[in-house]
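What the coordinates show
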Amino acid sequence: MTDDQPDAVLREAWEVPGAPDSFQRLWVPHRIGYIHGNEGKIPGECVFCVATSLPEEESLVVFEGTHCYVVLNLFPYNPGHLLICPYRHIGQYDEANDEETAEMAVLTKQAMVLLRQVAGAHGFNIGMNQGRIAGAGIEEHLHQHVVPRWGQDSNFFPIIAKTKAMPQLLGDIRDQLRTAWSQSETK
């Protein structure tokens, strides 16, 4: 091999779209809406209020109950990050009625069972951020987070590079959870 051959190989690689080079890339196209500030969102429209009305192939809803539904987080901390939302547009937990809080509890337990089954989750972070000061990204509509965790899911990316490696596409985990939820309903 001559000294100029490695350069020739690199030049050839650059001529082919997607050709491998020395960089590792994390492709996260679903985050472009977050980067652009949710472009296309209708001002005053609640993303949770419209979630259940989207066509199935566009929707991230995995289960619809009587008072609440379960939807994948569009900007997840981990694959399978679910949100349990009441249908009613309320902002605070103390505004929820007894039926809504009871169903949120039942759906949270079901989500844990199904995330263990579908994604092999080892643990969970479960909680609600009430108000912007408490970290709520969308404070206008109550939602509870169910974040699956694994023993090996921590790495330096979030700390150093403000990047989260997501090993599964939202559509794939959505389809798996929809199937698991429908199968759990028939048992």
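Heads up: the structure comes first, above all this text.
Numbers given to residues run from 1 along each chain, matching the order in which its sequence is written. Only residues with pLDDT of at least 70 are given local features in this predicted model, and only at 80 or more are side-chain atom pairs given and counted; all residues enter the totals for whole chains, interfaces and linings. Excluding hydrogens and water, the side-chain values take into account all heavy atoms of the structure.

**With respect to the overall build of the chain**
- By definition, any uninterrupted DSSP run of H or I lasting at least four residues is a helix, any uninterrupted run of E lasting at least two residues is a strand, and each is numbered from the N terminus. Along the chain, the regular secondary structure elements total 6 helices and 5 strands.
- Put simply, the chain runs from its N terminus to its C terminus through helices and strands in the order α-α-α-β-β-β-α-β-β-α-α.
- Relative to its full complement of 187 residues, the chain shows a buried share of 32%.
- Here, two residues are considered to be in contact whenever any of their heavy atoms come within 4.5 Å of each other. Considering only intrachain contacts with a sequence separation of at least 6, the fraction spanning at least 24 residues in the chain is 62%.
- For the accessible areas, the method is Shrake-Rupley and the probe is 1.4 Å, while residue cover comes only from the protein chains on display. On the chain, roughly 12,000 Å² of surface is accessible, and the fraction owed to carbon and sulfur atoms is 56%. Classification of residues uses two cut-offs on accessible area relative to the type maximum, computed with a 1.4 Å probe and protein chains only: under 20% is buried, over 50% is exposed, and between them is partly exposed.

**Re the pairing of strand S5 (residues 144-149)**
- Most of S5 is tucked away: 5 of the 6 residues are buried.
- Pairing between strand S3 (residues 82-86) and S5: 3 bridges, direction antiparallel. Bridging from a neighbouring strand, leucine 82 pairs with valine 146 of S5.
- The pairing of strand S4 (residues 123-127) with S5 spans 5 bridges and is classified as antiparallel. Note that in S5 the partner of glycine 127 across the bridge is histidine 145. DSSP-based pairing: two strands are paired if at least 2 bridges between them are found.

**A look at the sheet that holds S5**
- Ordered by their spatial adjacency, 5 strands build an open sheet running S1-S2-S3-S5-S4, and the pairing between neighbours is antiparallel. Of all strands in the sheet, those with a lone pairing partner are strand S1 (61-64) and S4, marking the two edges. Geometrically, the sheet is characterised by an average inter-axis angle of 20° between neighbouring strands, direction not taken into account. Axes here refer to lines fitted to C-alpha atoms; in helices the fit is confined to the stretch in contact. Angles between the N-to-C directions go from 0 to 180 degrees.

**Focus on the nonpolar core**
- In terms of nonpolar packing, the biggest core is built from 34 residues, with Val70, Val71, Leu72, Leu82, Val146, Leu177 and Trp181 touching the most fellow members.
- Only helix H3 (47-51), S1, strand S2 (68-72), S3, helix H4 (98-119) and helix H6 (170-186) provide two or more residues apiece to this core.
- Here this core takes 6 residues from H4, the largest share from any one element.
- In contact with valine 70, not counting residues within four places along its chain, are Leu60, Val61, Val62, Phe63, Leu82, Leu83, Ile84, Leu107 and Trp181. Buried Ala, Val, Leu, Ile, Met, Phe, Trp, Tyr and Cys residues that are joined via side-chain atoms within 4.5 Å together make up what is termed a nonpolar core.

**Here we look at the packing of aromatic side chains**
- Two aromatic rings, drawn from Phe, Tyr or Trp (for Trp, its six-membered ring), form a pair once their centres lie within 6.5 Å of each other, and the interplanar angle then sorts them: stacked below 30 degrees, edge-to-face above 60, tilted otherwise. Scanning the entire structure with this criterion turns up 2 aromatic pairs.
- On the numbers, 5.2 Å between centres and 15° between planes, the contact of phenylalanine 63 with tryptophan 181 is stacked. Here tryptophan 181 lies in helix H6 and phenylalanine 63 lies in strand S1, a separation of 118 residues in the sequence. Comparing phenylalanine 63 with tryptophan 181, the two get one shared label, buried.
- Between tyrosine 69 and tyrosine 87 the ring centres are 5.4 Å apart and the planes differ by 35°, which places this aromatic pair in the tilted class.

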